[in-house]
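Below, each chain spelled out in residue letters.
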Amino acid sequence: MLAGLAPRLANATEISPQKGAQHVGKRRTSSRGRGRVHGRALRIGDIAVALIIICIGSYCVFPSFRFMLGRLWNDVGFLVPHSVSVDDLPPSEAARQLKALTVLDHDDAPDYDRDQFGHAWADEDHNGCDTRNDVLARDLTNVTYKPKTRDCIVLTGTLDDPYTGSTINFQRGQETSALVQIDHVVALGNAWRSGAWQWDDTQRQRFGNDQNNLLAVDGQTNKDKGAASADKWLPPNADFRCAYVTKQINVKYTWGLTITSAEQSKMASVLAGCKAS
């Protein structure tokens, strides 16, 4: 019985030369396929690394490449994600003013209080209307006024909000007036830390009512901004960021306020992405 079983076991474990050759051929074919895939992956990786090196080299050596990148990022709606030196900016009035601003990263300002800027909406231009209504009348369209107020108190109007790009129908009222608020482009808290703490009360009230620093905007977006500087907040509407930063620079330049190095870097980055006017 055992003598008959041994040949059968030998036959069961034996691999024919033809089948063995097929098995080895499949393994070699599979190895060559994996090799070709690996080779293509290496070539793609080499190309990617080369492109990255070229981009980094162009960014470091050619200022025009940085400006092109900045414009691209602004056009697609993103903030430029890198710093740009003010010395590399192309000539413009905003760039000139930015370079002239004093950079100060540490201040000795005492705690800020809104009352330090005096009456919120004083009639600084002496036209008989308060500053809030002056700005509403300037920034809204289709404006109507409360009767017998010498066209001072705005009742209704339409705001094309620069911060969000949306349209807001303004109507004066206890529940609706706050939908449109007046924003200090350079926030009072930021101005305080940037040197306004050294001014007297009269100068601070003048600054608080300077219409060159005021915009009618969406109320909630104004709350979201708070007292943030340009390095911490920019309008959600990317199309308005160039105008916003240019305005901040001009206000700080006009009033002799300082900026931090983070502000300077962010402002320069935004200006680098602005289309030449």
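Below is a short write-up of the structure. Predicted, not measured: the structure shown is a model, and the values here were computed from it.

### Quick look at the packing of aromatic side chains
No. 1: The tally for this structure, following the rule as stated, stands at 11 aromatic pairs.
No. 2: Arranged with centres 6.4 Å apart and planes meeting at 65°, the rings of F117 and W192 form a pair that is edge-to-face. Of this pair, F117 sits in the loop between helix 4 (93-100) and helix 5 (131-139) while W192 sits in helix 6 (residues 188-193), placing them 75 residues apart in sequence. Per residue, the accessibility class of F117 equals that of W192, and both read buried.
No. 3: The interplanar angle of 90° and the centroid separation of 5.2 Å between the aromatic rings of F207 and W255 together place this pair among those described as edge-to-face. Here F207, found in helix 7 (residues 201-208), pairs with W255, found in helix 9 (residues 241-255); they are 48 residues apart in sequence, far enough to count as distant. Both residues of the pair, F207 and W255, count as buried.
No. 4: An aromatic cluster is built from Y112, F117, W192, W199, F207 and W255, whose rings are joined through pairwise contacts.

### Overview of the pattern of salt bridges
No. 1: Enumeration according to the criterion identifies six salt bridges in this entry.
No. 2: Between E93 and R96 there is a salt bridge, with the nearest N and O atoms lying 2.6 Å from each other. With a gap of three residues between them, E93 and R96 both fall in helix 4, about one helical turn apart.
No. 3: Overall, E93 belongs to the partly exposed group, its relative accessible area being 43%.
No. 4: A residue is classified by how much of its surface remains accessible, and R96, at 41% relative accessible area, is partly exposed.
No. 5: K232 is paired through a salt bridge with D231; the nearest N and O atoms lie 3.3 Å apart.
No. 6: Residue class for K232 comes out exposed when judged on its relative accessible area of 65%.
No. 7: On the basis of relative accessibility, which here comes to 22%, the residue D231 falls in the partly exposed class.

### Describing the state of the cysteines
A covalent bond between the sulfur atoms of two cysteines is referred to as a disulfide.
No. 1: Going through the model one piece at a time under the given rule, you end up with two disulfides.
No. 2: The disulfide bridge from C129 ends at C152, spanning 1.8 Å between sulfur atoms. Between C129 and C152 the disulfide shows an S-S torsion of about -75°. By sign, it is left-handed. Here C152 lies in the loop between strand 1 (141-145) and strand 2 (154-160) and C129 lies in the loop between helix 4 and helix 5, a separation of 23 residues in the sequence. In terms of burial, C129 and C152 fall into one category: buried.
No. 3: What links to what in the protein: the bonded cysteines, counted in sequence order, pair as 1-2, 3-4.

### Focus: helix 5
No. 1: Taken residue by residue, helix 5 has T131, R132, N133, D134, V135 and L136 as its buried positions.
No. 2: Here the buried face of helix 5 lies against strand 1, strand 2, strand 3 (167-171), strand 4 (180-184) and strand 5 (214-218).

### With respect to the sheet that holds strand 3
No. 1: One open sheet holds the three strands; their spatial order is 1-2-3, and the pairing between them is antiparallel. Here the strands that pair on one side only, and so sit at the sheet edges, are strand 1 and strand 3. Taken pair by pair, the neighbouring strands of this sheet meet at an average axis angle of 10°, ignoring direction.
No. 2: Relative to strand 3, strand 2 runs antiparallel, the two sharing five bridges. In the strand pairing of strand 3, L159 is matched with I168.

### Overview of the packing of helix 4 against helix 9
No. 1: In the contact formed by helix 4 and helix 9, the axes pass within 9 Å of each other and the chain directions differ by 50°. The angle between the axes of helix 4 and helix 9 places the two elements in the oblique class. Crossing hand, helix 4 versus helix 9: left-handed. Taken together, the residues of helix 9 that come into contact with helix 4 (itself represented by A94, R96, Q97, L98 and A100) are T246, I249, N250 and Y253.

Parameters and conventions
Residues numbered from 1 in each chain as written. Predicted model: local features only at pLDDT ≥ 70, side-chain atom pairs only at ≥ 80, totals over all residues. Heavy atoms only, no water. Phe/Tyr/Trp six-rings, centres within 6.5 Å; stacked < 30°, edge-to-face > 60°. Helix = DSSP H or I, 4+ residues; strand = E, 2+ residues; numbered from the N terminus. Buried < 20%, exposed > 50% of the residue type's maximum accessible area, 1.4 Å probe, protein only. Salt bridge = Lys/Arg side-chain N within 4 Å of Asp/Glu carboxyl O. Disulfide = S-S within 2.5 Å. Contact = heavy atoms within 4.5 Å. Pairing = 2+ DSSP bridges. Axes fitted to C-alpha atoms, helices over the stretch in contact; angles between N-to-C directions. Parallel < 35°, antiparallel > 145°, perpendicular 65-115°, else oblique. Left-handed = near helix turned anticlockwise from the far one by under 90°.

What is shown is where atoms sit, not what they do.
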